[in-house]
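This is what each chain is made of:
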Amino acid sequence: MNDNNQTKLEFAGALNRRQLLGLGGSSLLGAALLAACSHDTPPATRVGDAGTTTTIAEPEVNDVVLLRTAASLEYTVIEAYAQLAPFLTGDFASAKDAVDRFVADHEAHANAINELVVSIGGTAYTKSNDRINRLYIQPAVEIITGSDTIEPSPTPAEDALAVAIALENLAAATYQSVTSVLENLDVRKAAISIGQTEARHATILTRTLAPELAAIVPSKDPTTGADNLSALPSAFGSLSSISLTIGAPNESGTKTSLSVDTPSLNSLITE
Amino acid sequence: MSIRPSADSSAAPPARPTKNDMPTLVALHEAELAARDLYRIAVDSNVVSDEDASAVVKLMVEHHRAYGQALAGLIGKLASNEADAAIVDAHKAAFASASQFAGAANALENELTLRHTGAIGVLEGTEGAALVASIVITESRHAVITAELNGATSLDALLSTEVAK
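Residues numbered from 1 in each chain as written. Chains lettered and ligands numbered in written order. Predicted model: local features only at pLDDT ≥ 70, side-chain atom pairs only at ≥ 80, totals over all residues.

**Structural notes on the overall build of chain A**
A count of helical and extended segments in chain A gives 7 helices and 2 strands. In chain A, the succession of helices and strands from N to C terminus is α-α-α-α-α-α-α-β-β. When burial is assessed residue by residue, chain A has 37% of its 271 residues classed as buried. (Helix = DSSP H or I, 4+ residues; strand = E, 2+ residues; numbered from the N terminus. Buried ≥ 20, exposed ≤ 12 C-beta atoms within 10 Å, placed from the backbone.)

**Notes on the overall build of chain B**
When you go through chain B residue by residue, the secondary structure sums to 6 helices and 0 strands. Taking 2.2 N^0.38 as the reference for a compact globule, 165 residues should give roughly 15 Å; the C-alpha atoms of chain B span a radius of gyration of 17 Å, in line with that estimate. Overall size of chain B, expressed as C-alpha extent along the three principal axes, is 55 × 35 × 25 Å. Each of the 165 residues in chain B was classed as buried or not, and the buried ones make up 47%. Residue pairs in contact within chain B that sit at least 24 positions apart in sequence constitute 76% of those at least 6 positions apart. (Rg over C-alpha atoms; globule rule 2.2 N^0.38 Å. Contact = placed C-beta atoms within 7 Å.)

**Comments concerning unusual backbone geometry**
All names here are of chain B. Despite not being glycine, Asn46 shows a phi value in the positive range, around 50°. With respect to the helices, strands and loops of the structure, Asn46 is situated in the loop between α1 (22-44) and α2 (51-75). We note that Asn81 has phi near 60°; this positive angle belongs to a residue other than glycine. Along the chain, Asn81 turns up in the loop between α2 and α3 (85-95). With 10 C-beta atoms counted inside 10 Å, the residue Asn81 sits in the exposed group.

**Section: the nonpolar core**
Counting 107 residues, the largest nonpolar core has A:Leu67, A:Ala70, A:Ala160, A:Val163, A:Ala164, A:Ala191 and B:Val132 as the members making the most contacts within it. Sorting elements by how many residues they give to this core places helix α6 (residues 156-179) of chain A first, with 15 residues. Sequence-distant contacts of A:Ala160, defined by excluding residues within four places in its chain, comprise A:Leu84, A:Phe87, A:Leu88 and A:Ile144. (Core = buried A, V, L, I, M, F, W, Y, C linked by C-beta atoms within 7 Å.)

**As for the packing of α6(A) against helix α5 (residues 126-149) of chain B**
Between α6(A) and α5(B), whose axes approach to 8 Å, the crossing angle comes to 160°. Taken together, the axes of α6(A) and α5(B) lie roughly antiparallel to each other. As for how α6(A) packs across α5(B), the hand of that crossing is right-handed. Here A:Ala172, A:Gln176 and A:Thr179 of α6(A) lie close against α5(B), whose contacting residues are B:Ala129, B:Ala130, B:Ala133, B:Ser134 and B:Ile137. (Axes fitted to C-alpha atoms, helices over the stretch in contact; angles between N-to-C directions. Parallel < 35°, antiparallel > 145°, perpendicular 65-115°, else oblique. Left-handed = near helix turned anticlockwise from the far one by under 90°.)

**Points about the environment of A:Val118**
With respect to the helices and strands, A:Val118 occurs in helix α4 (residues 95-119). C-alpha of A:Val118 to C-alpha of A:Val64: the two residues are 54 residues apart in sequence and 8.4 Å apart in space.

**Some details on the pairing of strand β1 (residues 242-246) of chain A**
Each regular strand displays side chains that alternate between the two surfaces of the sheet. Residue and element names in this part refer to chain A. Only one face of β1 is buried, namely the one carrying Ile242, Leu244 and Ile246, since none of Ser243 and Thr245 on the opposite face is buried. Sheet topology note: the β1/strand β2 (residues 256-260) ladder contains 5 bridges and is antiparallel. If you follow Thr245 over to β2, its bridge partner there is Ser257. (Pairing = 2+ DSSP bridges.)

**Things to note about the interface of chain B and chain A**
Chain B puts 40 residues into the contact, and the matching count from chain A is 43 residues. Mapped by element, the contributors of at least two residues to the side of chain B that touches chain A are α2, α4 (101-120), α5 and α6 (155-158) of chain B. A total of 15 residues in the side of chain B that touches chain A trace back to one element, the largest contributor, which is α5(B). When the residues that make up the side of chain B that touches chain A are grouped by side-chain class, the tally is 24 nonpolar, 10 polar and 6 charged. (Nonpolar A, V, L, I, M, F, W, Y, C, P; charged D, E, K, R; others polar.)

**Description of the packing of helix α3 (residues 63-84) of chain A against α4(A)**
Residue and element names in this part refer to chain A. Two numbers describe how α3 lies on α4: the axes approach to 9 Å, and their chain directions differ by 160°. Judged by the inter-axis angle, α3 sits roughly antiparallel to α4. Considering how the two elements wind past one another, α3 and α4 form a crossing that is left-handed. Every residue of α4 that contacts α3 at Val64, Leu67, Arg68, Ala70, Ala71, Glu74, Tyr75, Val77, Ile78 and Tyr81 is listed here: Val99, Phe102, Val103, His106, Glu107, His109, Ala110, Ile113, Asn114, Leu116 and Val117. Split by residue class, the contact of α3 with α4 holds 15 nonpolar, 3 polar and 3 charged.

**Here's the deal with the environment of B:Ile41**
All names here are of chain B. Position of Ile41 relative to the elements: it lies in helix α1. Classification of Ile41 as buried rests on a count of 20 C-beta atoms within 10 Å. Between the C-alpha atom of Ile41 and that of Leu159, which follows or precedes it by 118 residues, the distance is 26 Å. Apart from residues no more than four positions distant in its own chain, Ile41 is found in contact with Lys92, Phe95 and Ala96.

**As for α3(A)**
Its 22 residues place the ends of α3(A) 31 Å apart at the C-alpha level, agreeing with the 32 Å of an ideal helix rising 1.5 Å per residue. For α3(A), the buried fraction is high: 17 of the 22 residues fall into the buried class. (Expected span 1.5 Å × (residues − 1).)

**Some words on the confidence of the model for chain A**
Chain-level pLDDT for chain A is 84 on average; 81% of the residues reach the 70-or-more range. A low-confidence stretch, residues 1-40 of chain A (pLDDT under 50), is modelled with 23 contacts involving residues beyond four sequence positions or located in other chains. (pLDDT = per-residue confidence, 0-100.)

**With respect to α2(B)**
Residues and elements named next belong to chain B. The end-to-end C-alpha separation of α2 is 37 Å, in line with the 36 Å expected for 25 residues at 1.5 Å each. If you check which residues of α2 are buried, you get Val56, Val57, Met60, His63, His64, Tyr67, Gly68, Leu71 and Leu74. After α2 finishes, the residue Gly76 shows a positive phi value of roughly 60°.

Structure, rendered in structure tokens:
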């Protein structure tokens with residue numbers, strides 16, 4: 001950096017945030033243009049002092065981290081079922097049997113995953129995923145139960161099933177996505193073995209909520225154009241966001257939509 | 001998920017199928033074409049009379065055709081584009097029978113799921129593993145649907161992974 005540039009940066013740095021905002025956009029643009037037109041200095045590309053930045057260390061994404069994250073998702077689903085099961089009443093009371101079975105499956109999956117974690121030198125993880133709870137589970141449950149600002153769902157059983165389907169699809173998609181990232185081939189095989197069971201769970205729950213034969217193949221709502229619930233929504237396992245539409249309809253008849261995604265870097269359970 | 005292994009990973013697996021992967025992928029390709037042909041036999045034999053059930057069987061044809069095509073794209077010139085004759089021969093009579101179709105289809109879907117899961121344990125290239133994983137997920141859904149078409153109602157029956165009939 002030459003002396004002229006250093007002076008400009010010091011000047012800009014001397015202005016506090018309020019003064020900079022008070023200059024307005026045109027002043028900032030003008031300053032940039034003037035600096036760019038100067039013959040004796042290289043074009044300036046900024047007038048503010050960005051200061052130093054601290055780069056957050058990228059977490060190492062290895063088999064242990066991916067498996068611990070998968071274990072956390074298993075516990076998340078188990079805890080979610082405990083919150084959703086009380087809503088399964090009336091026509092959907094029999095779905096509690098499926099929930100009981102699936103909870104047992106998820107417990108077995110969590111144990112199996114943690115055994116794998118330990119076998120490759122990691123530490124077992126036996127808690128749910130805070131971020132997924134915060135982003136998806138708690139908002140979904142609040143939409144069903146209602147709050148000071150949210151009207152309770154008039155169809156809590158159907159909505160609870162819809163959330164369960166989304167979670168099982170999320171689990172299946174998570175295992176599908178990590179399968180090609182895991183380095184250990186035996187671990188890959190174990191992961192997809194569990195993932196295919198989660199997909200079976202999702203399919204059974206989908207058939208509970210939409211038992212008509214016509215609901216197996218993909219279709220669209222003729223009014224809204226939205227995808228109807230389908231037991232076989234696509235030829236290949238999807239890694240796209242999972243759309244979850246639940247809750248009390250608003251004045252225009254539209255329910256609340258949540259977009260559920262497989263764990264991202266922020267959801268990883270590192271050691 | 002957009003997660004990738006850390007850049008400094010010392011043993012990052014290869015993306016493209018390796019030479020060792022090819023026999024496995026070729027076998028899966030031919031198995032999928034066999035499944036496609038078997039469901040075509042079911043469609044041609046009108047094994048289901050219900051219009052909605054028929055749509056399901058036709059969807060199965062399309063799915064297995066798509067798997068065959070995707071695998072062929074991965075293995076390139078090694079793709080035979082021929083169905084596994086042993087699989088077709090083993091199931092074709094049942095797929096032409098209204099009373100046996102759904103049970104045979106369920107056994108086939110579980111067999112394919114098992115084969116593909118086993119393949120993931122040997123495939124070195126991540127592209128092959130990713131494709132096969134995406135197939136396993138939907139074929140396991142197929143297994144539940146074919147179990148239901150076969151009259152299964154209990155959770156044990158719907159979740160059964162039995163292949164032998």
